[in-house]
Amino acid sequence: MNIEKRNHKRIKPRGLQAGLVFNSENQEIALEADILDISYSGIRVKLKQPIAANMMGNIKIHMTLPESNTPFCVHGILKHQITDDECGLHYVDHVHGSIDDLMFECIELDETTVFIKTH
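Residues numbered from 1 in each chain as written. Predicted model: local features only at pLDDT ≥ 70, side-chain atom pairs only at ≥ 80, totals over all residues. Heavy atoms only, no water.

(A) Seen up close, the sheet that holds strand β6 (residues 86-91). Pairing is antiparallel in the closed barrel, where six strands are placed in the order β1-β2-β3-β6-β5-β4. Averaged over all pairs of adjacent strands, the angle between their axes in this sheet comes to 45°, without regard to strand direction. As defined by bridge partners, strand β2 (residues 28-38) adjoins strand β3 (residues 42-47) across five bridges and the pair is classed as antiparallel. By the bridge assignment for β3, Ile35 is matched with Val45. (Pairing = 2+ DSSP bridges. Helix = DSSP H or I, 4+ residues; strand = E, 2+ residues; numbered from the N terminus. Axes fitted to C-alpha atoms, helices over the stretch in contact; angles between N-to-C directions.)

Here's what the structure looks like:
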């Protein structure tokens, strides 16, 4: 049995996509990804194209918030690479409030959450 050691719950938004820009030494690589899960400390994504195992550098993550359709951008670093097309990104240099907005909107897309809206 795995014991969860995370400080922040992971939310698994269904259907949320993002654009990633890797900035390494002499190159910039733009990729598209599906977001697998999000927490207050980072994002795990499945890339539409695989990347090299030795990718390093800063990453800019662009997405549109699911409920408000507001463009959202956060900076991160590659924390771990599970396979050549799945990786975990850790936020760096972000404003805490912006992550709150992202998390709030993604809760409604979480596969474990059901909301009933009434008029």
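(B) Quick look at the pairing of strand β4 (residues 58-64). Here β4 shows a clear split, with Ile59, Ile61 and Met63 buried on one side and none of Asn58, Lys60, His62 and Thr64 buried on the other. The pairing of strand β1 (residues 17-23) with β4 spans six bridges and is classified as antiparallel. Following the sheet pairing, Phe22 is matched in β4 by Ile59. Count of turn residues in the β4/strand β5 (residues 71-83) antiparallel hairpin: six residues, of which Asn69 carries a positive phi of about 60°. (Buried < 20%, exposed > 50% of the residue type's maximum accessible area, 1.4 Å probe, protein only.)

(C) How the structure looks around the environment of Met55. Along the chain, the position of Met55 falls in the loop between β3 and β4. Once the C-alpha coordinates of Met55 and Glu25 are considered, the two residues, 30 residues apart in sequence, prove to be 10.0 Å apart. Beyond its immediate sequence surroundings of up to four residues, Met55 is in contact with Phe22, Ile29 and Leu78. (Contact = heavy atoms within 4.5 Å.)

(D) Fine view of the nonpolar core. Counting 28 residues, the largest nonpolar core has Leu20, Ile38, Val45, Ile61 and Met63 as its most contacted members. Counting residues per element, the ones that place at least two in this core are β1, β2, β3, β4, β5, β6 and α1 (96-107). Those residues in contact with Val45 that sit more than four places away from it in its chain are Leu20, Ala33, Asp34, Ile35, Leu36, Asp85, Glu86, Cys87 and Leu89. (Core = buried A, V, L, I, M, F, W, Y, C linked by side-chain atoms within 4.5 Å.)

(E) Region of interest: unusual backbone geometry. Backbone geometry places Asn69, a non-glycine residue, at a positive phi of 60°. Structurally, the position occupied by Asn69 is in the loop between β4 and β5.

(F) Spotlight on the pattern of salt bridges. Counted according to the given criterion, the structure contains five salt bridges. Two residues, Lys46 and Asp85, come together in a salt bridge whose shortest N-O distance is 2.9 Å. A residue pair is termed long-range when its members are at least 10 positions apart, and Lys46 in strand β3 and Asp85 in the loop between β5 and β6 qualify at 39 residues. By relative accessible area, which is 34% here, Lys46 ends up partly exposed. In this structure, a network of salt bridges that share partners links the residues Arg10, Asp37, Arg44 and Glu86. (Salt bridge = Lys/Arg side-chain N within 4 Å of Asp/Glu carboxyl O.)

(G) Looking closely at the side chain of Glu86. With respect to the helices and strands, Glu86 occurs in strand β6. When near neighbours in sequence (up to four residues on either side) are disregarded, Glu86 contacts Leu36, Arg44, Val45, Lys46 and Gln81.

(H) Here's a closer look at the confidence of the model for the chain. In the predicted model, the chain carries a mean pLDDT of 77, and 78% of its residues have values of at least 70. Averaged pLDDT values over the elements of the chain bottom out at 68 in α1 and peak at 91 in β3. Here residues 114-119 is modelled with pLDDT under 50, and outside its nearest four sequence neighbours on either side it reaches four contacts, counting other chains as well. (pLDDT = per-residue confidence, 0-100.)

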